[in-house]
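What the coordinates show
Chain by chain, the residues:
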Amino acid sequence: MNTFRSLMADQVLLPIIQADTPEQGVNIARAMQAGGIHLVEVVLRTDASIEALKAIKQAFPEMVVGAGTVICEQSLAKAIDAGADFIVTPGMDSVLAKALQNCGVPVLPGVANVADILTARRHGFHELKLFPASLSGGAKFISAMSGLFKDTVFCPTGGVSQANKDDYLGLANCFAVGGTWVASQQLVDNQDWQAISKACAEV
């Protein structure tokens, strides 16, 4: 099975889409695609998230579309049924970990400390999301983990921005960064699709 990192290929940004309607989700994805993005994460934080994920996959069949903010077996099942190409979680317990192992698509589970990393590795996960990165030690934490876990790599989200992304991407054990700054709520509310495309292209 493909790993999460292999799905990203040479893309170093994991762009997050939070949509209030399927149409809005498609518009955000279109703007991101125009900025050179081929993989997006639709977070399951609104009532329209699942329908938005489906709509994006239908509108852009060549795009890799995953589900984020998966926090339980139920949300995992909904995401898989909707056709999610990958799964991202903010964290996981032992029950969710077992379900993730058997979900059939690449997974990026969230961790916040060394104990979480040990748990993730015990369940076979070596590509991890540091979340919330800004409150969990940031780039210094990821750098410190390189000596402890030589076969583990990170994608930080939460507090990552255009201003600090290079602090993370300069680390050998950080393969990507995730964030909402490229499609901030203000840009989406203003329907400034061109600005979203520009922000994605600048990463």
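Before reading on, note that the structure itself is shown above.
How each quantity is defined
- Residues numbered from 1 in each chain as written.
- Predicted model: local features only at pLDDT ≥ 70, side-chain atom pairs only at ≥ 80, totals over all residues.
- Heavy atoms only, no water.
- Helix = DSSP H or I, 4+ residues; strand = E, 2+ residues; numbered from the N terminus.
- Rg over C-alpha atoms; globule rule 2.2 N^0.38 Å.
- Buried < 20%, exposed > 50% of the residue type's maximum accessible area, 1.4 Å probe, protein only.
- Contact = heavy atoms within 4.5 Å.
- Core = buried A, V, L, I, M, F, W, Y, C linked by side-chain atoms within 4.5 Å.
- Disulfide = S-S within 2.5 Å.
- Pairing = 2+ DSSP bridges.

Counting secondary structure elements, the protein chain contains ten helices and nine strands. Against the compact-globule benchmark of 17 Å for 203 residues, the protein chain has a radius of gyration of 16 Å, which places it among compact chains. Considered along the principal axes of its C-alpha atoms, the protein chain spans approximately 45 × 35 × 25 Å. Per-residue burial over the protein chain gives 52% buried out of 203 residues. The long-range fraction of contacts in the protein chain, counting pairs at least 24 apart against all pairs at least 6 apart in sequence, stands at 59%.

For the rest of this paragraph, the subject is the nonpolar core. Grouped together as the largest cluster of nonpolar side chains are 59 residues, with contacts concentrated most on Ile-17, Met-32, Ile-56 and Ile-87. For Ile-17, the contacting residues outside a window of four places in its chain are Gly-25, Ile-28, Ala-29, Met-32, Val-40, Glu-41, Val-42, Val-43 and Ile-56. Core analysis: the second largest hydrophobic core is formed by 13 residues, Leu-39, Val-88, Val-153 and Ala-176 among them.

What follows deals with the state of the cysteines. In a disulfide, the sulfur atoms of two cysteines are held together by a covalent bond. Counted under the stated rule, the structure contains zero disulfides. Cys-103 carries a free sulfur, and the closest cysteine sulfur to it, the one in Cys-72, is 13 Å from it. The thiol of Cys-155 is not disulfide-bonded; the next cysteine sulfur, from Cys-174, is found 6.7 Å away. On the basis of relative accessibility, which here comes to 0%, the residue Cys-155 falls in the buried class.

Turning our attention to the pairing of strand E3 (residues 64-68). Most of E3 is tucked away, with five of its five residues classed as buried. Burial of E3 is two-sided: the residues Val-64, Gly-66 and Gly-68 facing one way and the residues Val-65 and Ala-67 facing the other way are all buried. Across five bridges, the pairing between strand E2 (residues 39-43) and E3 is parallel. The residue bridging Leu-39 from the neighbouring strand is Val-64, located in E3.

Here we take up the sheet that holds strand E7 (residues 127-130). Ordered by their spatial adjacency, three strands build an open sheet running E6-E7-E8, and the pairing between neighbours is parallel. In this open sheet, the two strands that pair with only one neighbour each are strand E6 (110-111) and strand E8 (153-156). The pairing of E7 with E8 spans four bridges and is parallel. By the bridge assignment, Leu-130 is partnered in E8 with Pro-156.

Scope: geometric values only; no functional claims are made or implied.
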